[in-house]
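Spelled out, the chains give:
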Protein chains: 2
Amino acid sequence: MSDGLAPAPLYARVERIITGRIADRTWPPGHMLPSETELAAELGVSQGTVRRALDALYRRHVVERRQGRGTFVAQHTSERALFHFFHLTDLDGGKMAPTSRVLRLAREPATATEAQRLGLKTGAAVIRIVRVRLLRGESRVAETITLPAARFRGFHLPVGEEMQDELYVHYQRHHGVSVARAEDALAAEAASAEAAHLLGVTAGAPLLRVERVACDLSGDPVEWRVSLVDTAALRYRVLLE
Amino acid sequence: MSDGLAPAPLYARVERIITGRIADRTWPPGHMLPSETELAAELGVSQGTVRRALDALYRRHVVERRQGRGTFVAQHTSERALFHFFHLTDLDGGKMAPTSRVLRLAREPATATEAQRLGLKTGAAVIRIVRVRLLRGESRVAETITLPAARFRGFHLPVGEEMQDELYVHYQRHHGVSVARAEDALAAEAASAEAAHLLGVTAGAPLLRVERVACDLSGDPVEWRVSLVDTAALRYRVLLE
DNA sequence: AAGTGGTCTAGACCACCGT
DNA sequence: CGGTGGTCTAGACCACTTT
């Protein structure tokens, strides 16, 4: 519980302790946490203080709580990934579940940009994935994804075939990597020849470019992706409040 | 405190009561609320329950709380508007305060689209504003804003001159309209001749199109805007968590 | 019936702000 | 100093889930 500087409130320290145990997989995804009473006794604080910390983690989607059952480390499900990390809808705001087709998957040295975004040294090994995502059966998104190879040993995906699009579930299940936070940076750009070919649009057509850095619970970057979206029939939606 | 259906938790009812008094301007922006103790006594609940409601309102930016001073109805400041409702940054994520120049301001009948977005009848009177927003002195955003005239009587802005860009502050100060929530829908599109002219790009250049509906505390739409952004040197940033 | 989270209360004590 | 919000505790009672 050493803190270096200012003495943080108790509930904040409790929150960090619990977060730490989740991040280091003492309590892996899906695991049931000790009850509020047990945690309070173990940490030497009142139940109310533990509750306050757990409520904060619940609001951040780090744990799930169900009355009568217990508190569980949040697991990525397709629904959760879709809801929190997929912001494309049809023109009326209707949700759609995408599928995807991997075109290329290789282990290669990182470019300067990739290394910078992922906090690696240039030339460090990365997994690079090129894929197309389909919405209502149509190719709408061309995507390049870069992963630090050190955290994704033995990474593989079926290449060439259409599959359910559950990459974050895959990261968690097969590599113990839970995406907790991401930042998207959006711009408009003209379609390159390749992008145009992949998406079935004319070269030079306006595309939405989405660059994302995704981080785990500890705040370390674990994924860098560039998505090119044909927004003829799609919208990227953002709620501000 | 009548509730029609299920008996909501006390703290939720307290939250709604307080929200109501803010929405109907019993407590206008900047006003100091009664202390937790007073509210608890008035509403016949414990201080802890009032606190829980106020904490929720604080997280939603509806009130501001300062230790030793009191709880105040949130006021739109340029900083808050910039932080919550302005998502454009430079390429490195650096924040910038925009200025703006109004090109046209008129009271006109609503188009079908405008009426639909604002929950009005087609042909209802709206204020329509066309303006350009400048970042670091360069025209980067061309914007059309539509307001329901009924809620913005006597609306005026200086036309033609460069000014501080504080529209939401203006709505609140001069028309008692507080924007509490907004939804943006983004797409890429090719620049029209007018947009190209306003932004100093070539016609057909890719622009980021941002459509926004902004709502007040009661959830009623109060503004509809379409922004066309030259993203050559800008990014629209979104934090997901 | 036993165990879990969810709500609500009452009260102590601290930190901060204004006068 | 008195008043405000911020933290922390202790305990009662309820609603839900599982055995």
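Cut-offs and rules
Residues numbered from 1 in each chain as written. Chains lettered and ligands numbered in written order. Predicted model: local features only at pLDDT ≥ 70, side-chain atom pairs only at ≥ 80, totals over all residues. Heavy atoms only, no water. Near = heavy atom within 4 Å. Polar contact = N/O pair within 3.5 Å; in protein donor to acceptor, adjacent residues only side chain to side chain. Helix = DSSP H or I, 4+ residues; strand = E, 2+ residues; numbered from the N terminus. Nonpolar A, V, L, I, M, F, W, Y, C, P; charged D, E, K, R; others polar. Least-squares fit on C-alpha atoms with pLDDT ≥ 70 in both. Contact = heavy atoms within 4.5 Å. Expected span 1.5 Å × (residues − 1). Buried < 20%, exposed > 50% of the residue type's maximum accessible area, 1.4 Å probe, protein only. Arc of directions from axis to C-beta. Buried area = accessible area lost by both parts, 1.4 Å probe. Salt bridge = Lys/Arg side-chain N within 4 Å of Asp/Glu carboxyl O. Pairing = 2+ DSSP bridges. Domains from an automatic or database assignment.

Enquirer: What is the right way to read the protein's contact with DNA strand D from this model?
Expert: Around DNA strand D sit 19 residues in total, of which Leu10, Tyr11 and Thr49 of chain A together with Arg51 and Gln67 of chain B are the nearest. Protein-adjacent atoms of DNA strand D, using a 4 Å cutoff, are sugar or phosphate at a proportion of 80%. Between DNA strand D and the protein, one listed contact pairs a phosphate oxygen with a backbone N or O atom of Leu10 of chain A at 2.5 Å. Take Gln67 of chain B: an N or O atom from its side chain is 2.8 Å from a base nitrogen of DNA strand D. If you list the elements that add at least two residues to the surface near DNA strand D, you get helix 1 (10–23) and helix 3 (47–59) of chain A together with strand 1 (63–66) and strand 2 (70–73) of chain B. Taken together, the residues that form the surface near DNA strand D break down as four nonpolar, nine polar and six charged.

Enquirer: What is the right way to look at the protein's contact with DNA strand C in this model?
Expert: Taken together, the neighbourhood of DNA strand C is formed by 19 residues, with Arg51 and Gln67 of chain A together with Leu10, Tyr11 and Thr49 of chain B sitting nearest. Taking the atoms of DNA strand C that fall within 4 Å of the protein, sugar and phosphate contribute 79% of them. Within the backbone of Glu36 of chain A, one N or O atom sits 3.2 Å away from a phosphate oxygen of DNA strand C. Between DNA strand C and the protein, one listed contact pairs a base nitrogen with a backbone N or O atom of Gly68 of chain A at 3.1 Å. Here the surface near DNA strand C is built from residues that sort into four nonpolar, nine polar and six charged.

Enquirer: What's the story with the relation of the copies chain B and chain A in this structure? I'm lost.
Expert: Applying a rotation about an axis and a shift along it to one chain copy brings it onto the other copy. Structural alignment of chain B on chain A gives an RMSD of 0.1 Å, achieved by rotating through 180 degrees and translating 0.0 Å along the axis. Within this description, the copies of the chain are treated as partners about a two-fold rotation axis. Comparing interface residues between copies, 100% of those in chain B also sit at the interface in chain A, which points to an isologous, same-surface contact.

Enquirer: Would you mind going over the side chain of Arg128 of chain A with me for this structure?
Expert: In this fold, Arg128 of chain A is placed in strand 5 (residues 125–135). Residue contacts for Arg128 of chain A: discarding those within four places in its chain leaves Arg104, Leu105, Ala106, Glu108, Pro109, Ala110, Thr111, Glu114, Thr144, Ile145 and Thr146 of chain A.

Enquirer: Just to check I follow, could you spell out helix 1 of chain A for this structure?
Expert: A turn of α-helix holds 3.6 residues, and therefore any two residues three or four places apart point the same way. Residues and elements named next belong to chain A. Its 14 residues give helix 1 an end-to-end C-alpha distance of 20 Å, which sits within 8% of 20 Å, the value for a rise of 1.5 Å per residue. Where helix 1 is concerned, the buried positions are Val14, Glu15, Ile18, Thr19 and Ile22. Angularly, the buried residues of helix 1 cover 135 degrees about the axis, an arc narrow enough to put them on a single face. As for helix 1, its buried residues are in contact with helix 2 (36–43), helix 3, strand 1 (63–66) and strand 2 (70–73). Just beyond helix 1, the residue with positive phi is Arg25, at close to 65 degrees.

Enquirer: Help me out: how do you make sense of the interface of chain B and chain A in this one?
Expert: When the parts of a complex come together, some accessible area is lost, and that lost area is often used as the size of the interface. Listed as interface residues are 29 residues of chain B and, on the opposing side, 29 residues of chain A. Note on chain B versus chain A: buried area summed over both sides is about 2600 Å², and carbon and sulfur give 59% of it. Joining chain B to chain A, the criterion identifies two salt bridges. The salt bridge involving Arg237 of chain A is made with Glu183 of chain B; its shortest N-O contact spans 3.1 Å. Inspection of the chain B/chain A interface yields ten residue pairs in polar contact (both at pLDDT 80 or more). Going through the elements one at a time, helix 4 (78–85), strand 8 (181–190), strand 9 (206–215) and strand 11 (235–240) of chain B are the ones with two or more residues in the side of chain B that touches chain A. Looking at the side of chain B that touches chain A residue by residue, the classes come out as 16 nonpolar, four polar and nine charged. The pairing of strand 8 (residues 181–190) of chain A with strand 11 of chain B spans five bridges and is classified as antiparallel. Bridging across to strand 11 of chain B, Asp184 of chain A finds its partner in Val238 of chain B.

Enquirer: Can you help me understand the domain arrangement of chain A in this one?
Expert: Residue and element names in this part refer to chain A. Domain parsing of chain A yields domain 1 (10–73) and domain 2 (78–236). Here the C-alpha centroids of domain 1 and domain 2 sit 31 Å apart. Note on domain 1 versus domain 2: buried area summed over both sides is about 560 Å², and carbon and sulfur give 64% of it. Here domain 1 is connected to domain 2 by zero salt bridges. For the pair domain 1 and domain 2, the interface holds two residue pairs in polar contact (both at pLDDT 80 or more). Taken together, the residues that form the side of domain 1 that touches domain 2 break down as four nonpolar, two polar and two charged.

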